[in-house]
Every structure is written in C-alpha cells, then in structure tokens.
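# A closer look at the structure
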Amino acid sequence: MNLLTLQALTKQYSDRILLDQVDMLINSGDRIGLIGPNGSGKTTLLRVLAGVEAPDEGNLNVWGGVRVQYLPQEPPLDDHLTVLETLFHSDSPQMRLLFNYEHTTHALQLAPHDPALQTQLITLSAEMDRTNGWTAEANGKAILTRLGLEETYFPQPVATLSGGERKRLALARALLDPADLLILDEPTNHIDADAIAWLENTLLNLPAALLMVTHDRYFLDRVANTIVELDRRKLISYPGNYTQYLELRAARHENLALAEVKRQNQLRRELEWLRRAPSARGTKQKARKQRVHELLQIQSDLGEDRVAMALAGRRIGKKVLQVEGLKKTFDGVPLFSDVDFRLEPGDRIGLTGPNGAGKTTFLNLLTGNLTPDTGTITWGETIEIGYYDQQARVLQDAIAANQRVIDFINDAAPLIRTDDNERVEAAQMLEWFLFPRGQQQARLATLSGGERRRLFLLRTLAQRPNVLILDEPTNDLDIQTLQVLEEFLDRFEGCLITVSHDRYFLDRNVDFLVSFEDGTVSGRYPTPWETFKSLQEASRQESNSTNQPTNKPTTPQPNENEKIKPRKGLSWKEQKEYEALEAQIAKMEARKVEIEKEMNLHARDYVRLQKLHEEQIRIEAELETAMERWFVLETILSGG
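To start, this report covers the structure provided alongside it. (Residues numbered from 1 in each chain as written. Predicted model: local features only at pLDDT ≥ 70, side-chain atom pairs only at ≥ 80, totals over all residues. Heavy atoms only, no water.)

## Overview of the layout of surface pockets
Approximately 1300 Å³ is the volume attributed to the second largest pocket. Along the wall of the second largest pocket there are 43 residues; nearest its centre are R222, E530, K592, E620 and E624. Breaking the lining of the second largest pocket down by element, the ones donating at least two residues are α7 (193-204), α8 (217-223), α9 (242-276), α17 (503-509), α18 (529-547), α19 (572-601) and α20 (606-637). Among the elements that take part in the lining of the second largest pocket, α20 stands out by supplying eleven residues, more than any other. (1 Å grid on protein atoms, 1.4 Å probe; cavity = no way out; pocket = protein on both sides within 12 Å on 5 of 7 lines; lining within 4 Å. Points joined across faces, edges and corners; volume = space filled by probe spheres on them. Helix = DSSP H or I, 4+ residues; strand = E, 2+ residues; numbered from the N terminus.)

Structure representation (structure tokens):
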C-alpha cells in the first residue's frame, strides 16, 4: 500500500537549490536508507516529507489515515516533563493513559496527601488494569534501558539530560508508539554499539515503514531494503541493502561512462558532417544542427571524482606513548583508575564501551585538555598530535570571526606537500573533501553542521600529525567523507586512536579494540568486531565461573611436593563436538554466500528479500554461537 507520494519537489535556500524536481514513493514494508554528502539536502527532504517544511514547488500526498512520525537530530522536548512523562507523551489513547498515570504519580510524590490526586491515581490504575497498560509501561521502560537510560533517569526532568540522552529518549518514544511511517534522522548517533545491534533487530520487527538517514554502513546493510542516494539535487533509488547499492551504483556509473563515450563519438561525427556537408542540403542540415544541439544539452552524471588524500607524513620515532596508573574522578566519583596504556609505532586502537564510561575523558587526558588525578602520560619527543574532538573549539572561533572556508584551511596548512613531494594548494585539498571551488569562498557560518565537521577534519589532517586521535568521527561525517578519510588512513603511517560505536569503521580502520566499562579499561582485543565480542564474552564467562561459589565438596589440596597437572587436549566427546562444529561452521558460511547471491538475483522482489534477510540474520546468529564454542574448544586443544 502506498503511504506517501512526492512529485516534482523543488526546494532551495537563498540562491542554493537543494532539491530539483525530485519524485519519491514510500510504500508499506519499505525500509529506505537515504544517503548523500553533508549539506546536500537530506535533512531538508526529511523535514518536507514530515510536513515540517513546505516545498517551493511540487506536491506531497500523505494518504488518508497514514500517520507519520519524525525524529530529527535535535528533537524538541518539554524540559519541564520527566523522562517517563516524555516517553508516554503522544496522541494515541494508550500513550495518553500512560502519560496521565506517570504525571499523576509524579505529582503525588510532590504532594502525597492531596486527596484529589489520590482519587485520580486510583481511577487511572483501574484503567491501566482494564487496558493492560502495565505491559505497555514495562515495555517502554525496557526500551529506555536498552538505549542506556536506566531506572535512575526515569524521574529526572528532561532539562537535566545531555543532547545525546535527549536523542535517545525521543528514539525510545518513537519505537514505543510507532507510526505507519517512521522518519529517523541519524538514529544511531549517541548510542553504543550493543544498543545499535538491538535497534537493528527492533526496526526489522516493526510493522512501520522506515525512512532513515544514517552513516552506519553495517546498519544500512542489515536494516535497509532500498537505498536512495541524494546526488546533485536528484534522487536515485537502488533496490537492496548497502552492499547491493555499492554493486548497483558501480554498474550504473560504468553504463553512464559507456553512454558518455558513445555520446562524444556521435557528437564528433555530427560536427564533422556539418563541417564537410554541402550547404545546399538545407533541410537535412537543419535537422543535423538540431541533433548536435540536443547532444550538447545532455548532462552526464558520472559520479563524484574523489582523489585519495596522500599527504607527506612526519617521522614518528620509536617512542610514542606510555600511560601508567591513570585515574580520573568527577565530583568525588571515580570514572576509571589504575589505567595503563601503551602506543607503539604503527598501532591503530579503537576505544569502545557504553556512553559515559570515560572514553572522551581519556582522550582529553592524553591531549592535555584535562589533568589526571594520579598517573603519568609520557609522549615521545617527535610526536605531533592531530585531535578531531567533539567540541571543535578552533572551528567555533573561526565561525565567530566570520572566516571563509579557504582561509580556515590556508591558516592551518599554507605549505603542504604530498608523499611524492608535490605542493598541494588549500583549494585542491578542499576539493578532495567535497568542497567545490565555488563553495570555498563561502563564510563558515553558512555551512551545514555536517559540512563544518568535514572541514574541521580536513584541517586536522592537513596539519600532518603522526598520531591521529578521532573522537566519534562517524557521528557527523557522511559516508562519502568517511570513505575519503579511510583512503587517507590506508596511506597514513602514524598511529591512530579513535572512539567510535560504528562497527564498520572500527573493522575497517583499527587492529585492536580497548573496552571502557564499569570503571575499568580492558586490554587489547583483536578486530573484527564479532571476534572482539566473542572474546569479551568468553572472558566474562571465565571470570564469572571463577568467582561463582559452589556447593560441591572442596577438592583436597596437594601437598608441597605435588603439582596440579594442567589439562591437555580435548576429551573424546569434546573432540567429536569440535569436528562437528568445524563442519557446521563451513556449512553455515557457504549458506551465507548463497543467500547473498540470491539477494542479488531477487533485488526487486521485496517479499523474497525480506525472507532471505530474516534467514541471513538467523544464520549469522547461529554462526556467532558456533564460533564462540569453537574458539573455547580450540583454546583447550592448543593448550591455551
């Protein structure tokens, strides 16, 4: 069933056209990922579809009875309400009942002897019993908890929440009471990787159609069944997930390139004919001139031309970073303590863990923006740090000074050379980072939030650091910029420390992960992400089994002359299980490849794609479980 139709939409700001005569259909069952460069108009399109903004031209039809819910990047919330009241603040009857119940409960806590409130609460409790409202309330609280807003947050006023916490609260509200069409602008920002994995499964099971902007490529791979690319004011739709989009887009641009060669050859032949043909053939001559004119008017979309950024690096030396006994507290509460951390030449480390665990604080300690309570941080003498932080103070200062884009880069990098020792102008570097020449004279204040972050990243890289520290780069950077950054990192010979919840980015760019959790900082785990999670879970289970009390008789202790013999090899039963697991894993991996091929073959059959995608999720979950058990048995077999 069609939910929404957009026809010939045009939208511009000042003299800048963002959307030019675009069309779009959204049907039941669609899960659309909208991608495109920052500043291209993605958020504007979402706002138009949600009815927040009106188009300059064109028609938007939302069919009768279809309910649309929009979650912007900075959702407007009532600061005077509590977290639970906000969660249940909706127009649906069930949510109104829950809101009134929570509002009355909160009011009664402030005035416990008010007879009117007591009577109202009794009435509302009876209605909750009648409509099974307690289940909906419990479900809402569970969603909040999964998104990192635990029970201590429930009675807090919204005014006390951070920007990320407000976003998670608004997301929880959208998931608890989903509309027919759910429009999400960057839903994966400000939530950790475990919550993102939970969100993927939740969205896959929602009956609502989805339209979402996100830069998380694993998320797009697992949730989206259509990718729509906003490229130079036009919308181009590709069936399938992100991986299929990459394949289809490459094929499309290859076909466009062939068509452009054909057009150029035809144009050359027509011009040659006009130059040589006798002028007496007036009618035919006029027809050929018209055909030449038409060939000249054809606009070929061959995709953006991006150049890998390969700047000359700095010598890093043998000593990079040594951290010993680091401790940091806030308001008397320890964030972490006794942290040891070492960085060797060439190390690429990803920091992961729940929000609030201290990852950004750790980076600020390393860069000297904060002072530790105890412990030492020692950098090597040749180290030059490039810090892409969330505050971007130098960028804010440049905006306040009304600086231009080109000057912001020139000030930081007046004389830059590539690794081939060729001089690079600031204008060329800006083009690498998707700032065309015309935009380079613009004031920083006119850029979108994403464009500003992209520019700040370029300035950070242009200073040629040999240690690059990135704090949540995937929160604000579009996929195209992330690809440019990743191409830079492929050639970067220095060290990298990055905080990110983006599993794709971590798998692509770091070799080891360090987890911040519950006031502790782990040792290094190897990537990819699934391996890290398996090893982390195995470590937890081993720790739990060691600390768990037992009612079994105590094993007699050996005397001084006896030694406890370590276990060697597998038992007969474990050996059979180990062999069966190897065959089972191979079979599941082969089925995964078959599913991917079938999804490519049935790219336009959404019903078939849905079934294949569900099987893919099931196979991946079973494969992960089997791999975890295989790893345990392999460790025993190898004597680890």
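## Side note on helix α13 (residues 405-412)
Taken as a whole, α13 has its buried residues at V405, I406, F408, I409 and A412. Each buried residue of α13 lies within a common arc of 165° when the element is viewed along its axis, so the set occupies one face. Summarising the contacts, the buried residues of α13 are in contact with α12 (393-400), α14 (426-432) and α15 (449-462). (Buried < 20%, exposed > 50% of the residue type's maximum accessible area, 1.4 Å probe, protein only. Arc of directions from axis to C-beta. Contact = heavy atoms within 4.5 Å.)

## Considering the sheet that holds strand β14 (residues 385-388)
Pairing in this open sheet of six strands is mixed, and the strands run β14-β17-β18-β12-β19-β20 from one edge to the other. The outermost strands of the open sheet, each flanked by one partner alone, are β14 and β20 (520-526). Between one strand axis and the next, the sheet turns through 15° on average, direction left out of account. Pairing geometry for β14 and strand β17 (residues 467-471), over four bridges, is parallel. Pairing of Y387 across the sheet is with I469, part of β17. Strand contacts of α15: β14 and β17, with the helix running at about 175° to β14, the strand carrying the most contacts. (Pairing = 2+ DSSP bridges. Axes fitted to C-alpha atoms, helices over the stretch in contact; angles between N-to-C directions.)

## Focus: the pattern of salt bridges
One pass over the full model with this rule turns up 28 salt bridges. Its salt-bridge partner being R217, residue E486 comes within 2.7 Å of it at the nearest N-O pair. One end of the pair, E486, is in helix α16 (residues 479-491); the other, R217, is in helix α8, with 269 residues separating them in the sequence. Neither residue differs from the other here; E486 and R217 are each classed as buried. It is possible to trace a salt-bridge network through shared partners that takes in R591, E594, E598, E615, R618 and E622. (Salt bridge = Lys/Arg side-chain N within 4 Å of Asp/Glu carboxyl O.)

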